[in-house]
Amino acid sequence: GMGRKTIARYVAMTALCTGEHAPCGECLSCRKIAQGIHPDLILPEHSGKRGGFSVETVRGVVRDAIVAPNDGERKVYLFTDCDAMDILPQNTLLKLPEEPPPHVLMLFTALSPGAFLETMRSRMTAIAVRPCTAEDCRRALTEDHGISAADAERAVGACGGNIGRALEWLDSKDMQTLTRTVSQITEALAARNSYEVLRLMAAYEKDRQTAAELIRLLDMQVRDALAMQYGQEAFTGCDRKSAGLLSRTLSTSRAARMHEAIRNAWTALDANVSVKITLAALGGALMQ
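Residues numbered from 1 in each chain as written. Predicted model: local features only at pLDDT ≥ 70, side-chain atom pairs only at ≥ 80, totals over all residues. Heavy atoms only, no water.

A. Representation of the pairing of strand β3 (residues 104–108). In terms of residue burial, β3 counts as a mostly covered element, since 4 of its 5 residues are buried. In terms of strand pairing, strand β2 (residues 75–79) meets β3 through 5 bridges, oriented parallel. Looking across to β3, one finds that F79 is bridged to F108. (Buried < 20%, exposed > 50% of the residue type's maximum accessible area, 1.4 Å probe, protein only. Helix = DSSP H or I, 4+ residues; strand = E, 2+ residues; numbered from the N terminus. Pairing = 2+ DSSP bridges.)

Now the structure itself:
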């Protein structure tokens, strides 16, 4: 929700624009991209339960890359949400980013550079995307999306400067319940109340996808709590107040252990380990 794909499309529009000042937003190429119909902006399809890219899809891109563009001088391949892109498809693709045809531009979006093999990262230029300020988020919600000031304030309180996630939060009662639960877990961690941590997590032991989102939000809370100890105000989690409570009890070493426990839980869910066992193990590990 922080605009990675929006920025990637802006780069693609800049590359394919035929106007005087790229991206002009007015030429035929820019209008086609805005409408999602430009033949030289190719978005490879996701596949599989994890939403990655199949080897066959990647091979198709490699074969297609040598073909000349349809409308202009370039073709742009935009691989979105690459966090679940497996090793084999990356290795299959590797030669293309290393020695692309002159007319080919490749763009990738992911939550972290760690989604890619080192051999892939060495062939890329990384651009970091960060949340905007809370004030910018409020302005975008109220002025660009017609959200009331009161609802915008609630969304910013739960999502910080992440505009996309704030919109998702406002549209989803389930997301609002989840963020409230993560806040309660954060408070229980601050109080070292292991029973409450396990009780709250148990509500999600039958839903792998939501459990993964809970774990991701919890990791952001730990990050915010540690940042507060160093006087940093950057807010990425879902509740500043509970992160502040955790910050008072959090040492750097404990934060590192908690992050490692969360990362292990994420890996376990990704490997199809029982959600119930994963959350129970995480709850215990977070209290160490």
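Next, the rest of the story.
B. Representation of the pairing of β2. With respect to burial, β2 is a largely interior element, 5 of its 5 residues being buried. The side-chain alternation of β2 yields two buried faces, one formed by K75, Y77 and F79 and the other by V76 and L78. Strand direction decides the pairing type here: strand β1 (residues 41–42) and β2, joined by 2 bridges, are parallel. Within the sheet, the bridge partner assigned to I42 lies in β2 and is Y77.

C. Highlighting the sheet that holds β2. Taken in spatial order, the 3 strands line up as β1-β2-β3 in an open sheet, and their pairing is parallel. The strands lining the two open edges of the sheet, one partner per strand, are β1 and β3.

D. Looking closely at the packing of helix α10 (residues 173–190) against helix α12 (residues 208–229). Viewed as axis vectors pointing N to C, α10 and α12 meet at an angle of 50°, and their least axial separation amounts to 10 Å. Accordingly, the angle class assigned to the pair α10 and α12 is oblique. As α10 packs across α12, the resulting crossing turns out to be right-handed. Here α10 contributes M175, L178, T179, T181, V182, I185, T186 and L189 to the contact with α12, which in turn contributes T210, E213, L214, L217, L218 and Q221. (Axes fitted to C-alpha atoms, helices over the stretch in contact; angles between N-to-C directions. Parallel < 35°, antiparallel > 145°, perpendicular 65-115°, else oblique. Left-handed = near helix turned anticlockwise from the far one by under 90°. Contact = heavy atoms within 4.5 Å.)

E. A look at the side chain of S29. Relative to the helices and strands, S29 resides in helix α2 (residues 28–35). Take S29: its relative accessible area is 7%, and that puts it in the buried class. A polar atom in the side chain of S29 sits 3.0 Å from the side chain of H38. Apart from the residues within four sequence positions on either side, S29 is in contact with L16, C17, T18 and H38. (Polar contact = N/O pair within 3.5 Å; in protein donor to acceptor, adjacent residues only side chain to side chain.)

F. How the structure looks around the pattern of salt bridges. Within this structure, the stated rule accounts for 18 salt bridges. Each of E135, D136, R138, R139 and E153 takes part in salt bridges that share partners, so that together they form one network. (Salt bridge = Lys/Arg side-chain N within 4 Å of Asp/Glu carboxyl O.)

G. Quick peek at the environment of G52. As for its placement among the helices and strands, G52 is situated in the loop between β1 and α3 (55–65). Distance in space between the C-alpha atoms of G52 and P102 is 27 Å, their sequence separation being 50 residues. Setting aside residues up to four positions removed in sequence, G52 forms contacts with E45, H46, S47 and A84.

H. Geometry of the nonpolar core. In this structure, L189 and L286 are the most contacted members of the largest nonpolar core, which totals 44 residues. Elements supplying a minimum of two residues to this core: α7 (134–144), α8 (149–159), α9 (163–171), α10, α11 (194–202), α12, α14 (252–270) and α15 (275–286). A total of 8 residues in this core trace back to one element, the largest contributor, which is α12. Apart from residues no more than four positions distant in its own chain, L286 is found in contact with L189, M201, L218, R254, M258, A261 and I262. Counting residues in each nonpolar core, the second largest holds 18 residues, with F53, C82, M85 and L94 among its members. (Core = buried A, V, L, I, M, F, W, Y, C linked by side-chain atoms within 4.5 Å.)

I. Structural context of the packing of α12 against helix α13 (residues 240–249). Following both chains from N to C, one finds α12 and α13 inclined at 60°, their axes separated by 8 Å at the closest point. Of the possible angle classes, the one that applies to α12 and α13 is oblique. With respect to the hand of their crossing, α12 and α13 are arranged in right-handed fashion. On α13, the residues that touch Q221, V222, D224, A225, M228 and Q229 of α12 are R240, S242, A243, G244, L246 and S247. Looking at side-chain class alone, the contact of α12 with α13 contains 5 nonpolar, 5 polar and 2 charged residues. (Nonpolar A, V, L, I, M, F, W, Y, C, P; charged D, E, K, R; others polar.)

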